[in-house]
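Remarks on the overall topology
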Amino acid sequence: MTQKYSAEIVPLNEEKIGTAAHGKATFEIVGDILKIHISMKDTPKNTQHWEHFHGFPDGKEAQIATKAQDVNGDGFVDLPETESVSGTTMVPFDAAPHDMNVPNDTYPVSDENGSFEYEKEVPLNKLQAKFKEVFGTDDLELDKRVIYVHGVPEDLELPDTIAGAVGHYDQHVTLPIAVGKIVKD
Ligand SMILES: [Cu+2]
């Protein structure tokens, strides 16, 4: 039996970053494989884009952040400001999602038109084992999660009020540019 999920990914921070990133994600669980396909357009071009699903470990349903989450009024919704509605960073869509090693350089890079495609087949038992180690449950509960796409070019001017640095990765890497609610199909 195949379980399918999808997300319509809508822009966030588009007025500030000068482009309205959007796309679609699909997730298919076939046997012990999680197939992921993410297709994005109009993202900041020639830029690596971190992408993950975010959610609440306690089972609360995550919602997408909107402008309403700009609590400090600097015009941007930064990563910490998404947490009240979207929860925490959970699983990366990088070279090895089942490692759940979020800060790294193996995320997709957009082309000169701002498009990118990400396709991955993940061993579900490995991902569930790692998820349990980190969050205490092996149930991914995809339909309670949201997908985030992040990342603006290093030379984009950002106000000092933006938070969200992770290790040596600064706010340009983690600034959310698009988000989508994952639903069961
Ligand atoms: Cu993220």
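Before going into details, it helps to say that this report is about the structure given with it. (Residues numbered from 1 in each chain as written. Predicted model: local features only at pLDDT ≥ 70, side-chain atom pairs only at ≥ 80, totals over all residues. Heavy atoms only, no water.)

Okay, the overall build of the protein chain next. Counting its secondary structure elements, the protein chain contains 4 helices and 8 strands. Along the protein chain, from the amino end to the carboxyl end, the secondary structure elements read β-α-β-β-β-α-β-β-α-β-α-β. Relative to a compact globule of 185 residues, whose C-alpha radius of gyration would be 16 Å, the protein chain shows 15 Å and is just as compact. Per-residue burial over the protein chain gives 49% buried out of 185 residues. Pairs at least 24 apart in sequence give 72% of the contacts found in the protein chain among residues at least 6 apart. Accessible surface, the protein chain: about 8,700 Å² in total, of which carbon and sulfur atoms supply 48%. (Helix = DSSP H or I, 4+ residues; strand = E, 2+ residues; numbered from the N terminus. Rg over C-alpha atoms; globule rule 2.2 N^0.38 Å. Buried < 20%, exposed > 50% of the residue type's maximum accessible area, 1.4 Å probe, protein only. Contact = heavy atoms within 4.5 Å. Areas by Shrake-Rupley, 256 points an atom, 1.4 Å probe, with all protein chains shown as cover.)

What follows deals with the nonpolar core. Of all hydrophobic cores here, the largest spans 36 residues; its most connected members are Phe 27, Leu 34, Ile 38 and Phe 53. Those elements that provide at least two residues to this core are strand 1 (2-11), strand 2 (22-30), strand 3 (33-41), strand 5 (88-92), strand 6 (116-123), helix 3 (124-135), strand 7 (146-150) and strand 8 (176-184). In terms of nonpolar packing, the next biggest core, distinct from the first, is built from 8 residues, Phe 56, Ala 62, Ala 65 and Tyr 148 among them. (Core = buried A, V, L, I, M, F, W, Y, C linked by side-chain atoms within 4.5 Å.)

The copper ion binds to the protein through His 52 (ND1), His 54 (NE2) and His 150 (NE2), with metal-donor distances spanning 1.9 to 2.0 Å. One chain supplies every donor to the copper ion, and in sequence these donors are spaced H-x1-H-x95-H. Placement of His 54 in strand 4 (residues 51-55) and of His 150 in strand 7 is noted, with a sequence separation of 96 residues between them. (Donors = N, O, S within 2.8 Å, 3.2 Å for Na, K, Ca; no water.)

Everything listed is a geometric property; what it means functionally is a separate question.
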